[in-house]
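Structural overview
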Amino acid sequence: AAAFTGGSAAGAVLGLVDRSPDGRSEQAAGAVSTPGRVVPFRGRHQAGIITPAQDRLVFGAFDVVTDSAGALRDVLDAWTIAAEAMTQGRSVPADDGSPQAPPTDTGEALGLPPAALTVTIGYGPRLFARFGLATRRPSALAELPPLPGDRLDPARCGGDICIQACSDDPQVAFHAVRNVTRLGRGVVVLRWLQLGFGRTSSTTTGQQTPRNLMGFKDGTRNLRADDTAALDRHVWIGTETDQPWLIGGSYLVARRIRMLIEAWDRASLSEQERVIGRRKVSGAPLTGSREYDPPDFSAVRAGELVIPSDAHIRLASPEHNAGRRMLRRGYSYTDGIDLSTGELDAGLFFISFHKDPATFIAVQRILGTQDALREYIVHTGSALFVCPPGLQDGESWGRQLFG
Ligand code: HEM
């Protein structure tokens, strides 16, 4: 693990000594206690998409408030340097190290290992209407249309740029978004921010399937990082795009889906299992006995479909959607209480990655009108971004976007 190489410029500015809690130097702590937890920042694809889902999420959507393409480009270049450093467990490098200036790193991640931090960037549709970027916009990138099941709060929708920070340590993920926000001052402002916990999807074969806040295993039939043919087919932008600079990237859909937890908790176990189409404890489809048994959508018992016609796993399945699949990488969230009703504001911050966002739209049109789950959820936030491919050595986000 290359954690904490390079020391901490901000630590020097702050007058802090880089120490892990047990007093060992950061370098030793990084090497000993977090082997293998540095996720490479550069590569063919951005990290944070097929990276094994970390436990925590901080997702920020930004509006660009400058009219200067140069200023935006400079911020994206500064973000590249900062993101790369932070994912390696280093502090945001100082510009001049002047003790009179505010510290270049806010400091709350000093002494913490990077905990598999990934920082993933995406660009929203409206960004490409400005800064001379119209010729760089892929035609597949447009605001998501109104969809059935929407009860959207505009304050939780859209954005020109997103930063998805994932880490096994919540403070490390928060630190990443906080520091890019600070570096972008005067050029970008945070539009909305979502914290997530308890990844709701496994994205590799080795990961155990976690449970969402409805208590069901989530991710059983998700796309897997080792299924490269399926990823090329469903997740990575390929030569079909009208913007070759985006090949190797992916479209990110974010949906804040509130669960009507009180109603769900009053539903019987058999009702809950019919809604999902799976057993709650084992995760097995109603037609099987083990989690990974393939669902049999045609099975009938006593004249009734065993997996009901409106079960979530039937309507979301590739079998029901002309073979369409997606990579889900969502997190649970809770934002306290909805003061208007006294009910919990909690649910799923759904994130999915697509070669073409039309897949999400098609599946959600079906789910939003027919899914039995729709009695228990409302979609309250929504955004679409295109994530560019990974950066090569020497490349920066600013240069990549502006060409
Ligand atoms: C599967 C829960 C929203 C797409 C599943 C499964 C659960 C689940 C428990 C079965 C396990 C698995 O294969 O992963 C939920 C909950 C949601 C939600 C609680 C909302 C709060 C959505 C949305 C979409 C979606 C909005 C996309 C528009 C899928 C897909 C599958 C799936 C594609 C896999 C189907 C298959 O390949 O068989 N979901 N889901 N889900 N869900 Fe959802």
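Here's what I pulled together on the structure shown here. (Residues numbered from 1 in each chain as written. Predicted model: local features only at pLDDT ≥ 70, side-chain atom pairs only at ≥ 80, totals over all residues. Heavy atoms only, no water.)

Quick word on a nonpolar patch on the surface
Here is the rule we go by: Surface patches are drawn from residues lacking salt bridges whose relative accessible area is over 30%; two like charges belong together within 9 Å, two nonpolar side chains (Val, Leu, Ile, Met, Phe, Trp, Tyr) within 5 Å. Each accessible area is a Shrake-Rupley estimate made with a 1.4 Å probe; only the visible protein chains count as cover when residues are assessed. The salt bridge criterion pairs a side-chain nitrogen of Lys or Arg with a carboxyl oxygen of Asp or Glu, the two atoms within 4 Å. For every residue, the accessible area obtained with a 1.4 Å probe (protein chains only) is divided by the maximum for its type, and the residue is called buried under 20%, exposed over 50%, and partly exposed between those limits.
There is a patch of nonpolar side chains on the surface, built from F174, L190, L193 and L195 and spanning about 320 Å² of accessible area. Judged by its relative accessible area of 34%, L193 is partly exposed.

Things to note about the coordination of the iron atom of the ligand
Cut-off, in case you're wondering: With water excluded from the atoms, a metal site may look incomplete; its donors are any N, O or S atoms within 2.8 Å, or within 3.2 Å for Na, K and Ca. Secondary structure counts use DSSP, requiring at least four H or I residues in a row for a helix and at least two E residues in a row for a strand, with both numbered from the N terminus.
The sole protein-derived ligand of the iron atom of the ligand is H312 (NE2), positioned 2.0 Å away. Checked against the element boundaries, H312 lands in helix α8 (residues 312-315).

Section: unusual backbone geometry
In the Ramachandran plot, A116 falls in the positive-phi region, its phi being about 65° despite a non-glycine side chain. Here A116 is to be found in the loop between α3 (69-87) and β2 (118-123).

What to know about the site of the ligand
This is how it is decided: The near set for a molecule or strand comprises every residue that places at least one heavy atom within 4 Å of it. A 3.5 Å cut-off defines polar contacts: any pair of N or O atoms within that distance qualifies, except that in protein one atom must be a possible hydrogen donor and the other a possible acceptor, and neighbouring residues in sequence count only when both atoms are side-chain atoms.
What surrounds the ligand is a group of 28 residues, the closest being G219, T220, R221, H312 and R328. Contact distances for the ligand include 2.9 Å between a nitrogen atom and a side-chain N or O atom of H312. Between R328 and the ligand, the recorded distance is 2.9 Å, taken from a side-chain N or O atom to an oxygen atom. For the shell around the ligand, the secondary structure elements donating two or more residues are β5 (250-259), α8, β10 (343-354), α9 (358-370) and β11 (377-387). Among the elements that make up the shell around the ligand, the one with the highest residue count is α9 (4 residues).

Here's the deal with the nonpolar core
Nonpolar side chains in soluble globular proteins tend to end up buried together. Defined as follows: Only buried residues count toward a nonpolar core, which is a set of Ala, Val, Leu, Ile, Met, Phe, Trp, Tyr and Cys residues joined through side-chain atoms within 4.5 Å. Whether two residues are in contact is decided by their heavy atoms: any pair within 4.5 Å suffices.
W79, Y123, L127, I161 and W397 are the most contacted members of the largest nonpolar core, which has 74 residues in total. Considering each element in turn, this core owes the most residues, 7 residues, to α3. Once residues within four sequence positions are removed from consideration, W79 is found in contact with F62, I121, I161, I163, V180, L183, G184, V188 and W397. Among the nonpolar cores identified, the runner-up in size contains 24 residues, and I49, L223, W236 and I351 belong to it.

Digging into helix α4 (residues 170-183)
As a reminder, the rule being used: A helix's residues, less one, multiplied by 1.5 Å, set its expected span.
Taking 1.5 Å of rise per residue, 14 residues should cover 20 Å, and α4 covers 20 Å from first to last C-alpha, within 8% of that figure. Considered for burial, the residues of α4 that qualify are V172, A173, H175, A176, V177, N179 and V180. Packed against the buried residues of α4 are β1 (56-64), α3, β2, β3 (161-167) and β4 (188-199). Between a side-chain oxygen at the N-terminus of α4 and the backbone nitrogen of Q171 the separation is 2.8 Å; the capping residue is D169.

Quick notes on the pairing of β4
Using the following cut-off: Two strands form a pair only when DSSP identifies at least two bridges running between them.
In this sheet, β4 lies alongside β1 in antiparallel orientation, the contact comprising 9 bridges. Bridge pairing links F59 to Q194 in β4. Relative to strand β9 (residues 331-338), β4 is paired through 2 bridges, and the arrangement is antiparallel. Along β9, the bridge assignment pairs F197 with S332.

Some details on the pattern of salt bridges
Enumeration according to the criterion identifies 18 salt bridges in this entry. Across the pair D160 and R130 runs a salt bridge whose closest N-O atoms are separated by 3.6 Å. Remark: R130 occurs in the loop between β2 and β3 and D160 occurs in the loop between β2 and β3; sequence separation between them is 30 residues. The class of R130 is partly exposed, set by a relative accessible area of 27%. A single salt-bridge network, built from bridges that share partners, covers R256, D335 and D345.

Let's talk about the packing of aromatic side chains
Formally: In summary, the pairing rule links any two rings of Phe, Tyr or Trp, Trp by its six-membered ring, whose centres are within 6.5 Å, and it sorts them by plane angle into stacked for under 30 degrees, edge-to-face for over 60 and tilted for everything else.
Summed over all chains, the structure comprises 9 aromatic pairs. Their ring planes at 65° and their centres at 5.5 Å tell us that F41 and W397 sit as a pair that is edge-to-face. Of the two residues, F41 is situated in the loop between α2 (26-33) and β1 and W397 in helix α10 (residues 397-402); the sequence distance between them amounts to 356 residues. With respect to burial, F41 and W397 carry one shared label: buried. Ring geometry for F350 against F360: centres 5.9 Å apart, planes inclined by 45°, an arrangement best described as tilted. Of the two residues, F350 sits in strand β10 while F360 sits in helix α9, which places them 10 residues apart along the sequence. Side by side, F350 and F360 carry an identical accessibility label, which is buried. Among the aromatic residues, ring-to-ring pairing joins F59, W192, F349 and F385 into one connected group.

Everything listed here is a matter of geometry and, on its own, says nothing about what the molecule does.
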